[in-house]
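Here's the letter readout for the chains.
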Amino acid sequence: MKNIILLGATGSIGTQTCDVARRHGFRITALSGHSNVKLLEELSREFSPLYAVVGEEYMGDLKTRLGDTSVKVVPESEIHSVAAQCEGDTVLNAVMGIAGLRSSLAVLEAGKTLCLANKESMVTGGDLVNAMAKKTGAKILPVDSEHSAIFQCLDGNKVKKILLTASGGPFYGKKREFLDTVTPEDALAHPTWNMGKKITIDSATLMNKGLELIEAVQLFGVSPDKIEVLVHRQSIVHSMVQYEDNAVLAQCGAPDMRTCIQYALTYPERKAGLAKELDFASLAALTFARPDEDTFTLLPLCRKAITRGGNLPAAVNGANEAAVDAFLRKKIGFTDIFRVVERAYEKAFFIENPTVEDIFETDRAARRAVAEEY
Ligand code: NDP
Ligand code: MG
């Protein structure tokens with residue numbers, strides 16, 4: 001039986017990972033959440049992990065709820081050591097935001113396989129994460145659908161180009177005048193994927209594609225100018241790889257994250273899964289278009305940040321996390337997200353070879369810069 005450690009178990013990817021674990025009878029030896037104590041209790045009763053990790057302020061509540069079980073409730077400050085030391089060779093990191101970075105590093109340092117949904121680990125600390133994986137020989141398996149697709153299309157030959165597909169989000173084709181009027185409720189209605197709030201807003205601003213571009217550079221060692229973003233409204237082609245002979249390999253499937261989660265967990269094997277079969281004959285068309293980078297300016301900003309490298313991807317990421325949070329709390333408007341992230345980026349000090357502490361300081365500085373804007 002496969003033993004897995006699941007970080008961010010209470011989120012969108014976390015709960016879908018639980019579906020995959022149920023389907024294949026995987027044992028979850030430790031799980032983490034931040035605030036959703038009710039769901040952590042339910043999952044702990046169902047999977048009987050050795051550890052349940054929760055935000056400090058919710059510890060007492062979860063301990064009381066699990067008082068009649070043998071599950072050990074530990075605070076979030078111990079999430080990295082639990083991830084590194086608990087029984088199980090595979091850790092799926094589905095925490096949201098830069099909060100997932102230290103765990104990714106700890107997992108790799110312990111030589112465990114990292115199934116990575118937490119793209120912000122690669123965006124903010126990609127160089128450090130890669131260096132740690134190289135040092136210990138631990139594997140990183142992508143969970144993000146585009147990166148899972150690219151990973152599946154790699155055939156060992158030199159890559160000429162990566163074609164990174166994007167759904168375009170709920171505001172495809174819209175211009176700034178329209179976007180000025182958008183509310184959190186409008187932005188949370190994604191056309192094809194059902195995801196956590198932060199990534200759903202990132203999909204609406206196309207920041208998600210910018211983060212994924214950086215993630216692809218870090219995961220596959222391809223330079224930013226060799227990654228072409230294509231808007232593909234149907235979310236059937238999850239990304240493509242083009243080789244020197246101009247042959248293009250694409251990975252397709254119904255838009256269901258459980259396929260990517262399962263592939264990372266069963267790699268290199270493929271097993272019967274939970275996603276629906278694709279009926280090609282019923283697909284009217286698969287369309288591809290260039291993104292509107294004049295309107296959705298965070299995508300080119302991310303390309304700029306990773307081209308320069310160092311701590312700059314962490315600066316855009318931190319500013320964006322703060323801006324999305326402010327937008328969801330209705331402190332700023334939708335188009336302010338673009339403005340405040342760009343402003344924070346301009347203010348960031350460049351560090352070419354940042355340490356982990358430099359990355360977190362860059363993140364804090366970017367958040368402060370955003371807070372100054374409203
Ligand atoms: P959710 O917001 O649904 O879930 C986030 C998880 O992280 C929850 O378990 C949450 O706990 C936990 N969490 C939040 N803050 C902290 C913190 N400070 N420390 C530790 N844990 C914390 O996010 P998603 O599942 O949508 O996304 C998770 C990651 O996967 C992101 O990096 C995202 O970009 C990536 N991803 C998601 C996809 C999707 O379809 N959802 C697709 C591809 C990538 P709680 O809820 O208990 O507070
Ligand atoms: Mg994705």
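Going by the structure above, here's the rest.
Residues numbered from 1 in each chain as written. Chains lettered and ligands numbered in written order. Predicted model: local features only at pLDDT ≥ 70, side-chain atom pairs only at ≥ 80, totals over all residues. Heavy atoms only, no water.

**Q** Any chance you could break down the sheet that holds strand β4 (residues 72-75) for me, citing the residues and the numbers?
**A** Strand order in the open sheet made by the seven strands is β4-β3-β2-β1-β5-β6-β7, with parallel pairing throughout. In this open sheet, the two strands that pair with only one neighbour each are β4 and β7 (140-142). On average, adjacent strands in this sheet sit at an angle of 20° to one another, irrespective of strand direction. Where helix α5 (residues 101-109) meets the sheet, its contacts fall on β1 (3-7), β5 (90-93), β6 (113-116) and β7, and the angle it forms with β6 comes to roughly 150°. Docked against the sheet, helix α12 (residues 257-266) engages β1, β5, β6 and β7, running at close to 155° with respect to β5. (Pairing = 2+ DSSP bridges. Helix = DSSP H or I, 4+ residues; strand = E, 2+ residues; numbered from the N terminus. Axes fitted to C-alpha atoms, helices over the stretch in contact; angles between N-to-C directions. Contact = heavy atoms within 4.5 Å.)

**Q** Please provide a residue-by-residue account of the coordination of the magnesium ion (ligand 2), values included.
**A** The protein atoms that coordinate the magnesium ion (ligand 2) are D144 (OD), E146 (OE) and E212 (OE), at distances spanning 2.1 to 2.2 Å. Within one chain, the residues serving as donors to the magnesium ion (ligand 2) are arranged as D-x1-E-x65-E. Residue D144 shares its accessibility class with E146, and that shared class is buried. (Donors = N, O, S within 2.8 Å, 3.2 Å for Na, K, Ca; no water. Buried < 20%, exposed > 50% of the residue type's maximum accessible area, 1.4 Å probe, protein only.)

**Q** Report on helix α15 (residues 334-347), specifying residues and quantitative values.
**A** An ideal rise of 1.5 Å per residue puts 20 Å on 14 residues; α15 measures up with 21 Å between its terminal C-alpha atoms. Of the positions making up α15, those classed as buried are F334, T335, I337, F338, V340, V341, A344 and Y345. Buried positions along α15 lie against α8 (176-179), α9 (184-187), α10 (197-205), α13 (298-308), α14 (312-328) and α16 (356-371). (Expected span 1.5 Å × (residues − 1).)

**Q** I'd like a rundown of the packing of helix α1 (residues 12-24) against helix α2 (residues 37-47), residues and numbers included.
**A** Between α1 and α2, whose axes approach to 13 Å, the crossing angle comes to 15°. Classified by the interaxial angle, the pair formed by α1 and α2 is roughly parallel. Crossing handedness for the pair α1 and α2: left-handed. Of α2, the residues touching α1 (which contributes T15, C18, A21 and R22) are L39, L43, E46 and F47. Broken down by class, the residue content of the contact of α1 with α2 amounts to five nonpolar, one polar and two charged. (Parallel < 35°, antiparallel > 145°, perpendicular 65-115°, else oblique. Left-handed = near helix turned anticlockwise from the far one by under 90°. Nonpolar A, V, L, I, M, F, W, Y, C, P; charged D, E, K, R; others polar.)

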